[in-house]
Amino acid sequence: MAVSSDTQMKIIKGDYGYVLEDVPHLTDYIPDLPTYPNPLRSNPAYSVVKQYFVHVDDTVPQKIVVHKDSPRGIHFRRAGPRQKVYFESDEVHACIVTCGGLCPGLNTVIRELVCGLNHMYGVTRILGIDGGYRGFYSRNTVPLTPKVVNDIHKRGGTILGTSRGGHDTSKIVDSIQDRGINQVYIIGGDGTQKGAAVIFEEIRRRGLKVAVAGIPKTIDNDIPVIDRSFGFDTAVEEAQRAINAAHVEAESIENGIGVVKLMGRYSGFIAMYATLGSRDVDCCLIPESPFYLEGNGGLFEFIEKRLKENGHMVIVIAEGAGQELLSESLNQQDASGNKLLQDVGLWISQRIKDHFAKQQKLPINLKYIDPTYMIRAIPSNASDNVYCTLLAQSAVHGAMAGYTGFTSGLVNGRQTYIPFNRITERQNKVVITDRMWARLLSSTNQPSFLNPKALSEAKKEEESHTQLLDGENFKKDESETKDIPSLT
Ligand SMILES: Nc1ncnc2c1ncn2[C@@H]1O[C@H](COP(=O)(O)OP(=O)(O)O)[C@@H](O)[C@H]1O
Ligand SMILES: O=P(O)(O)OC[C@H]1O[C@](O)(COP(=O)(O)O)[C@@H](O)[C@@H]1O
Ligand SMILES: [Mg+2]
């Protein structure tokens, strides 16, 4: 096996095109660290489990659909407890921080990090960092024990508070060093994981024995590589309530139109899955699929047709859809550098009203529902709670085993450790040339809004992404799409 390692990537190559995109380990820059037997060996709950520890060579393939001659491809290190750990229980001083927007399940992850550290590894010193990254240097810390976090998973939000902006790497690492923290658990989205990557680099530069572990959080499901993000399932479920309300309103009045705006700044996963889950939606608009209003094949024409057929209709629009059509682009950013968007729900509602008022032949009744913050402020559902538990426990096992600079994530149904740059290098988006979007189009029977030019551009973009994922000589099987958040 050939190993090449730089500060960016640790790549290990094997036979038949096997590639392990490995995560850093404390021993990469601190040689001769002592090891200790994993305390789980004497934990009564796990004592009956055969082969409880993950084999050191276990890895998980990124691609599970393969052809007879295809190379084995990219793999990630399998998450889970190791025989040996690099921290003694009473040596560990852990901290947890939540950053970026809210998402159902944040409290569950906090709870399970604290309980995992304490129950599995006997760790007692765990600090909560108040208010996101800037909390490291400008806010108080909160001591966390299993008792303090016992029922927080039943509450929405994050008990630690969160923020955007405020990432000052050297101040953060100074604070970690001054407080004697040696395990840092960072829960957040793409921006947060970029921040975690630079914190890790600075820690490595200073030669500190500090493990940095990320837990990916995004309600929009826009983080690549992983099967789905926690909170997504809950969000899709909660969106049904808004869609149902829109449907009831629309159905109860002549030519009723219900418009629901759902989250999705750059990726339309929530809108797509909420639409597919509901079956009451007549048209779903997402950022990845440009649309137009006027003329042949446009949205207005479709609305008129559907109203004539059914007497009512429901439109779901993701917040990032159609931004290019809004006359004034905001051209502003939030404290983290995310683009601020115009309210496309209000805009499209007004445009539809104006269009039909001007036409005078079809008087419509439009009701607009924006459930955005109601959706992301709820606690996670049971399925997301289990998922949060696995993510948190995997992160704890990884840090205890000396891995660092990794994000814990589900890949093809298995928990893995993924290098930060794999998570941050691109965004996960709905691929409109994949089967899932076709399923949606066929379920709503809405126009695709695609002219031949747009279609060929979408195909080209998908092909370049496929090459990135597979290497040049591996043709992608259509049946494997990365945009299906597995619930297994
Ligand atoms: N490129 C970056 N480098 C360092 N920190 C970043 C970067 N991008 C965002 N951050 C920090 O990550 C935190 C959360 O980012 P944000 O984009 O608001 O949310 P999310 O993590 O959910 O994407 C903020 O404190 C922000 O300052
Ligand atoms: O109003 P805020 O707090 O800036 O957050 C709004 C944004 O956060 C999101 O909910 C998604 O954030 P994450 O993907 O980081 O979870 C977007 O859909 C939305 O644009
Ligand atoms: Mg983000």
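Here the structure is a predicted model, which is why all the values come from computation and not from measurement.

**Some remarks on the UniProt feature "binding site: ATP" (unreviewed entry) in the chain**
Part 1 of the reasoning: Summarizing the sequence annotation, UniProt attributes the feature "binding site: ATP" (unreviewed entry) to Gly-101, Arg-164, Gly-165, Gly-189, Asp-190, Gly-191 and Thr-192 in the numbering used throughout. Maximum C-alpha separation among the annotated residues is 13.0 Å over a sequence range of 92 residues, consistent with a single clustered spot.
Part 2 of the reasoning: By the secondary structure assignment, Arg-164 is in the loop between strand S10 (141–143) and helix H3 (169–179).
Part 3 of the reasoning: The partly exposed category is assigned to Arg-164, whose relative accessible area is 28%.
Part 4 of the reasoning: Setting aside its immediate chain neighbours within four residues, Arg-164 contacts Gly-100, Gly-101, Arg-134, Arg-265, Asp-334, Ala-335, Ser-336, Asn-338 and Arg-376.
Part 5 of the reasoning: Considering the arrangement of structural elements, one finds Gly-165 in the loop between S10 and H3.
Part 6 of the reasoning: Overall, the relative accessible area of 18% leaves Gly-165 in the buried class.
Part 7 of the reasoning: Gly-165 has contacts with Tyr-133, Arg-134, Ala-335 and Ser-336, leaving out every residue within four places of it along the chain.

**Topic: the packing of aromatic side chains**
Part 1 of the reasoning: In the structure shown here, the tally under the stated rule is seven aromatic pairs.
Part 2 of the reasoning: Centroid distance Phe-232 to Tyr-273: 5.6 Å. Interplanar angle 80°. Geometry classified as edge-to-face. Taken together, the residues Phe-232 in helix H5 (residues 232–251) and Tyr-273 in helix H6 (residues 269–278) connect sequence positions 41 residues apart.
Part 3 of the reasoning: Residue Tyr-273 is classed as buried on the basis of its relative accessible area of 14%.
Part 4 of the reasoning: Ring-pair connections join several aromatic residues into one group, and the members of that group are Tyr-46, Tyr-52 and Phe-53.
Part 5 of the reasoning: When the ring centre of Phe-87 is taken as origin, the NZ or CZ atom of Lys-209, which lies over that ring, is 4.4 Å away.

**Some details on the pairing of strand S12 (residues 211–216)**
Part 1 of the reasoning: Across the six residues that make up S12, a large majority, six, are buried.
Part 2 of the reasoning: Because side chains alternate across S12, one face comprises the buried residues Ala-211, Ala-213 and Ile-215, and the other comprises Val-212, Gly-214 and Pro-216, equally buried.
Part 3 of the reasoning: Strand direction decides the pairing type here: strand S11 (residues 183–188) and S12, joined by six bridges, are parallel. Of the residues in S12, the one forming a bridge with Tyr-185 is Ala-213.
Part 4 of the reasoning: With respect to chirality, the unit in which S11 leads through helix H4 (residues 190–206) into the neighbouring parallel S12 is right-handed.
Part 5 of the reasoning: Where S12 lies against strand S17 (residues 406–411), two bridges are found, and the strand directions are parallel. Note that in S17 the partner of Ala-213 across the bridge is Phe-406.

About the criteria used
Residues numbered from 1 in each chain as written. Chains lettered and ligands numbered in written order. Predicted model: local features only at pLDDT ≥ 70, side-chain atom pairs only at ≥ 80, totals over all residues. Heavy atoms only, no water. UniProt positions renumbered as here; feature names shortened; annotations may be inferred. Helix = DSSP H or I, 4+ residues; strand = E, 2+ residues; numbered from the N terminus. Buried < 20%, exposed > 50% of the residue type's maximum accessible area, 1.4 Å probe, protein only. Contact = heavy atoms within 4.5 Å. Phe/Tyr/Trp six-rings, centres within 6.5 Å; stacked < 30°, edge-to-face > 60°. Lys NZ or Arg CZ within 6 Å of the ring centre and 35° of its normal. Pairing = 2+ DSSP bridges. Right-handed = clockwise from strand over helix to strand, strands pointing away.

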